Amino acid sequence: MGSIRWIEDRRQKAWLWIALFFASFYFGEAILFWGTNPRIAAPSFTPLIYWGSFGVAVVWLVRRYDRLASTPSADSVPPGMQATVLGLGITLSVIGMTVLVIRLTGNITLGHTILLLALCEAGLVIAGMSGSVGWLAAGLIWGCGAPAVFWFPGVQDVTLGLAVAIGFALIGLLRAQARASGDRAGQV
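Residues numbered from 1 in each chain as written. Predicted model: local features only at pLDDT ≥ 70, side-chain atom pairs only at ≥ 80, totals over all residues. Heavy atoms only, no water.

K.L.:
Please provide a residue-by-residue account of the overall build of the chain, values included.
P.N.:
Each helix and strand in the chain was counted, giving six helices and two strands. Its helices and strands in sequence order give the chain the pattern β-α-α-α-α-α-α-β, from N to C terminus. Taken across its 188 residues, the chain has 40% of its residues classed as buried. A separation of at least 24 residues holds for 75% of the contacts in the chain among residues at least 6 apart in sequence. Split by element, the accessible area of the chain, about 10900 Å² in all, is 69% carbon and sulfur. (Helix = DSSP H or I, 4+ residues; strand = E, 2+ residues; numbered from the N terminus. Buried < 20%, exposed > 50% of the residue type's maximum accessible area, 1.4 Å probe, protein only. Contact = heavy atoms within 4.5 Å. Areas by Shrake-Rupley, 256 points an atom, 1.4 Å probe, with all protein chains shown as cover.)

K.L.:
I'd like a rundown of the packing of helix 1 (residues 14-33) against helix 6 (residues 156-173), residues and numbers included.
P.N.:
Helix-helix packing is described using two parameters, namely the angle between the two axes and the distance between the axes. Put simply, helix 1 and helix 6 touch, their axes get as near as 7 Å, and they point 165° apart. By the angle class used here, helix 1 and helix 6 are roughly antiparallel. Considering only the axes of helix 1 and helix 6, their crossing is right-handed. Packed against helix 1, whose contacting residues are Trp15, Leu16, Ile18, Ala19, Phe22 and Tyr26, the element helix 6 presents Asp157, Leu160, Gly161, Val164, Ala165, Phe168, Ala169, Ile171, Gly172 and Leu173 at the interface. (Axes fitted to C-alpha atoms, helices over the stretch in contact; angles between N-to-C directions. Parallel < 35°, antiparallel > 145°, perpendicular 65-115°, else oblique. Left-handed = near helix turned anticlockwise from the far one by under 90°.)

K.L.:
Describe the side chain of His112, with residues and values.
P.N.:
Among the secondary structure elements, His112 is positioned in helix 4 (residues 108-130). The class for His112 is buried, based on a relative accessible area of 11%. If we skip the residues at most four places from it in the chain, His112 touches Thr98, Val149, Gln156, Asp157 and Leu160.

K.L.:
Quick rundown of the packing of helix 5 (residues 133-151) against helix 6? Include the residues and the values.
P.N.:
Interaxial distance between helix 5 and helix 6 falls to 8 Å at its minimum, and their mutual angle equals 175°. Classified by the interaxial angle, the pair formed by helix 5 and helix 6 is roughly antiparallel. Mapping the contact onto sequence places Gly134, Trp135, Ala137, Ala138, Ile141, Trp142, Gly145, Ala148 and Val149 in helix 5 and Gln156, Thr159, Leu160, Ala163, Val164, Ile166, Gly167, Phe168, Leu170 and Ile171 in helix 6. Residues belonging to the contact of helix 5 with helix 6 are distributed by class as follows: 14 nonpolar, five polar and no charged. (Nonpolar A, V, L, I, M, F, W, Y, C, P; charged D, E, K, R; others polar.)

K.L.:
Help me get a handle on a nonpolar patch on the surface, residues and values and all.
P.N.:
The grouping of Ile141, Phe150, Trp151, Phe152, Val155, Val158, Leu162 and Ile166 at the surface amounts to a nonpolar patch, some 830 Å² of accessible area in total. Looking at the nonpolar patch, the elements that each hand over two or more residues are helix 5 and helix 6. Looking at the element boundaries, Ile141 is found in helix 5. Taking relative accessible area as the criterion, Ile141 reaches 31% and is therefore assigned partly exposed. (Patch = residues over 30% accessible without salt bridge, like charges linked within 9 Å, V, L, I, M, F, W, Y side chains within 5 Å. Salt bridge = Lys/Arg side-chain N within 4 Å of Asp/Glu carboxyl O.)

K.L.:
Quick one: what's the story with the side chain of Thr98, residue by residue and with numbers?
P.N.:
In this structure, Thr98 sits in helix 3 (residues 79-105). We classify Thr98 as buried; its relative accessible area is 5%. Within polar-contact distance, the side chain of Thr98 engages the backbone oxygen of Val94 at 2.8 Å. (Polar contact = N/O pair within 3.5 Å; in protein donor to acceptor, adjacent residues only side chain to side chain.)

K.L.:
Would you mind going over the environment of Thr109 in detail, with residue names and values included?
P.N.:
Along the chain, the position of Thr109 falls in helix 4. Counting along the chain gives 37 residues from Thr109 to Ala146, while the straight-line C-alpha distance between them is 9.6 Å. Discounting residues that sit within four places of it in the chain, Thr109 has contacts with Val149, Phe150, Pro153 and Gln156.

K.L.:
So what's going on with the nonpolar core? Which residues, and what values?
P.N.:
In this structure, Leu116, Trp142, Val164 and Phe168 are the most contacted members of the largest nonpolar core, which totals 35 residues. Among the elements of the structure, helix 1, helix 2 (46-68), helix 3, helix 4, helix 5 and helix 6 are those that each provide at least two residues to this core. Once residues within four sequence positions are removed from consideration, Phe168 is found in contact with Trp15, Leu16, Ile18, Ala19, Phe22, Phe54 and Trp142. (Core = buried A, V, L, I, M, F, W, Y, C linked by side-chain atoms within 4.5 Å.)

If you want it as structure tokens, here you go:
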């Protein structure tokens, strides 16, 4: 068993842009659709379409940075497939669960708590699979944000927006990944 070595995954820099996209989408949604008199009276499925377009932006950014990075090895997951599955899958499931909980219970605070817990789970799973410090930090931020949203519902919108944006930014800033030195990847 070898020691741990650290590598930098430059592709994770895309998440700095995703943090900015998220902040734009989140506060854009607040301006357009929130409040007692929203600027746009939209049908109930609008959040899924709106956030689905955010998922498309995530896929585009991740794929763009995948192409700018070094070529993948013969035994790695195709980056385009990985970006599409993670970008759309996580976005649609996290937003879908949140919308479902809010629609069925009418409890926005519970929906926001579930959103952060789902992101926490995704972040921790990705961290475990990739050895990424950034994903681990993001997962922990999102995990800490969930009880904060639940315990302090008066500021939940700000807490949610900050936790998600900070988590995405940490993925882009903390690009180190742990690797076992001396062991060859892909061997059992």
